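# Breakdown of the fold
One-letter residues, chain by chain:
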Amino acid sequence: MKESPSPLELTIPVRARDFLAGGDGAARVRQVLQQVGFPPALIRRVAIATYEVEMNMVIHSTGGELRAEITPEVITITARDTGPGIPDIDLAMQEGYSTAPREIQEMGFGAGMGLPNIRRCVDELEIRSTPGQGTTVKIGIYNR
Amino acid sequence: MQIREIQAILAAEVFTGADKLDLEVEAGFGSDLMSDVLAFARGRVALLTGLTNTHVLHTASMVDAAVVVFVRGKRPDQNLIDAAAGMGLPLLGTRLLMYDSCGRLFQAGLKGCSGEVLAERGTDGEKPVRSTKEKGIPGDKKPAGKNPVDTGAISGEENCVQAASGAIDPESVASGERIPLDKIPRGWKSAGAIGRERASNNEAFPAPAWKVNPAATGEPA
C-alpha cells in the first residue's frame, strides 16, 4: 500500500500595517500550489481566501502568522493573530459590514466583502476570536 | 478579444507586456474596490481600475486576470511596472475615464461578468456571493457574460422608450464624438427649436406646473 505523503507546510509571518508586503503570503501559497500542480480553479479559491485573510490581518491585527498545510486531498490555511479580535462574528460575516478606516478604503479594501468572500471560496471555515487577544481563522479547501 | 484590440480601442499606452498583446481576454471588469474584484470577477478578465498600488497586482494575480488597464490617466510607478513584468502581467494605461473605457470595450463586444454572477455561476467550486437571487437585470435587455441570464419579464417594448433604428450613427458613438445635428433624425426636435417655433407662431407657452420662487411673485406658496 502506498504511504500518503507528509503534508507540505508553509509558515509566513504577517506584519500589521505593512501594506507593501501584504498579499505576499497569499502569492507564495499560490505559487507553491501551482508548482505542485493543483487545478487552476482550486488554486484560485485558495488564493482569494488566503489573500483576504492576510489583508484582514494586515489591516486589523497587530501582527500574526499564516500557516498553510498542503496535502493532495485538502489545503488548510490557519491564520493566527494578536489584535483586537472580532466582537461580533455574525455581524462581521455580513456583506458590506466594515470597520476599516478611510485610508484602507482608499487602497481598495474595507468594502465589507472580506469574510463573505472567504466563506464563498472555502469548504470549511472556523473563526475563533477573543476580544482584546486575537483571532484565529482556519479554512479548509478540498481537492475534488 | 485580444489585449491588442483593447489597447487600440482605448488608445492605451503599454507599460509592460508588449510581447503578450496577442493573449485572449474573456470578459471585462472595472472596479476600484479590490475585494469586489475578488468577489465578482469571473474568467480571464481585463481588469480596469484607477488604483495603482501593489494590491492591484496581487488581486489581478489571484483572479488570474489577463491584463490590467489603468484608467483616468493614472500611471503606475516603476516598482509596480517591474513587479508586473516579473509576474508576466501586461499593464496598459488609458486617459479615458472608467465609464468611457468600459463602455467602449462593451460596445466592441467584450462582455462583463454580470451573466455569471447573476446566474450564480462561479469558477468551479466557488459559491455565490449572495444567498438570495434576484432574477434578471432590471431594465437591461442585453445581458452580459459568456452565459447570458434570463432577464425575466422585462420587455423592451413595454418598459423602454426605444430610439428609432438608425437614430444614432454607431460610428460616431463608437468614436465618442458629439452627434452632429444632421445625424439626428427628423421628428426629433431640440428644446430650443421647439421654443423658437412657438415664438414665431405667437403660441403661448404653457404655464409651469410649479412656482420657482413664490416669494418673488408675491403669491402664496
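Structure's up top.
Residues numbered from 1 in each chain as written. Chains lettered and ligands numbered in written order. Predicted model: local features only at pLDDT ≥ 70, side-chain atom pairs only at ≥ 80, totals over all residues. Heavy atoms only, no water.

## Structural notes on the overall build of chain A
Our working rule: Numbering of helices and strands runs from the N terminus, with a helix taken as a DSSP run of H or I at least four residues long and a strand as a DSSP run of E at least two residues long. Note on method: radius of gyration uses C-alpha positions; expected globular size equals 2.2 Å times residues raised to 0.38.
Per the secondary structure count, chain A includes 5 helices and 5 strands. What you see in chain A, going N to C, is helices and strands ordered as β-α-α-β-β-α-α-α-β-β. In terms of overall dimensions, chain A is globule-like: its C-alpha atoms have a radius of gyration of 15 Å, near the 15 Å expected for 144 residues. Counting only C-alpha atoms, chain A reaches 55 × 25 × 25 Å along its principal axes.

## Thoughts on helix 1 (residues 24–36) of chain A
The condition that has to hold: To estimate how far a helix should reach, multiply one less than its number of residues by 1.5 Å. Exposure classes here rest on a 1.4 Å probe applied to the protein chains alone. A residue is buried below 20% of its type maximum, exposed above 50%, and partly exposed in between. For this quantity, the arc is that covered by the directions from the helix axis to the C-beta atoms. Contacts were defined at the residue level, with two residues in contact if any of their heavy atoms lie within 4.5 Å.
In a regular helix each residue adds 1.5 Å, so 13 residues correspond to 18 Å; helix 1 of chain A covers 18 Å between its end C-alpha atoms and thus fits that length. Buried within helix 1 of chain A are the following residues: Gly25, Ala26, Val29, Arg30, Val32 and Leu33 of chain A. Taken around the axis of helix 1 of chain A, the buried residues stretch over an arc of 160°, which confines them to a single face. On its buried side, helix 1 of chain A packs onto strand 1 (8–14), helix 2 (40–60), strand 2 (64–70) and strand 3 (74–82) of chain A together with helix 3 (54–62) of chain B. A positive phi of about 100° marks Gly37 of chain A, the residue just after helix 1 of chain A.

## So, the interface of chain A and chain B
Put simply, the rule is: Two parts placed together each lose some accessible area; with a 1.4 Å probe, that loss summed over both constitutes the buried area. Basic side-chain nitrogens of Lys or Arg form a salt bridge, by our definition, when they fall within 4 Å of a carboxyl oxygen of Asp or Glu. Whenever two N or O atoms come within 3.5 Å, that pair is a polar contact, provided that in protein one can donate a hydrogen and the other can accept it, and provided that, for residues adjacent in sequence, both atoms are side-chain atoms.
In this complex, chain A contributes 30 residues to the contact, which on the side of chain B involves 29 residues. For the chain A face of the interface with chain B, the top three residues by lost area are Arg44, Tyr51 and Arg120 of chain A, together amounting to 31%. Across the chain A-chain B interface, the total number found is 3 salt bridges. Notably, a salt bridge pairs Arg44 of chain A with Glu126 of chain B, separated by 2.7 Å at the nearest N-O pair. Put simply, chain A and chain B have 20 residue pairs in polar contact (both at pLDDT 80 or more) between them. Counting residues per element, the ones that place at least two in the side of chain A that touches chain B are helix 1, helix 2 and helix 5 (114–121) of chain A. The dominant element in the side of chain A that touches chain B, judged by the number of residues it contributes, is helix 2 of chain A, at 8 residues.

## A closer look at the pattern of salt bridges
Inspection of every chain in the model, using the stated rule, returns 15 salt bridges over all chains. Its salt-bridge partner being Asp22 of chain B, residue Arg4 of chain B comes within 2.9 Å of it at the nearest N-O pair. Taken as a pair, Arg4 of chain B in helix 1 (residues 3–9) and Asp22 of chain B in the loop between strand 1 (13–16) and strand 2 (27–30) lie far apart in primary sequence, 18 residues in all. Of the residues examined, Arg4 of chain B reaches a relative accessible area of 39% and is grouped as partly exposed. The class for Asp22 of chain B is partly exposed, based on a relative accessible area of 47%. In this structure, Arg75 of chain B engages Glu13 of chain B in a salt bridge whose closest nitrogen and oxygen atoms are separated by 3.0 Å. Here Arg75 of chain B is found in the loop between strand 4 (67–70) and helix 4 (78–87), whereas its partner Glu13 of chain B is found in strand 1, with 62 residues between them in sequence. Here Glu13 of chain B falls in the partly exposed class, since its relative accessible area comes to 36%. When salt bridges that share partners are traced, they join Glu9, Arg67 and Glu69 of chain A into one network.

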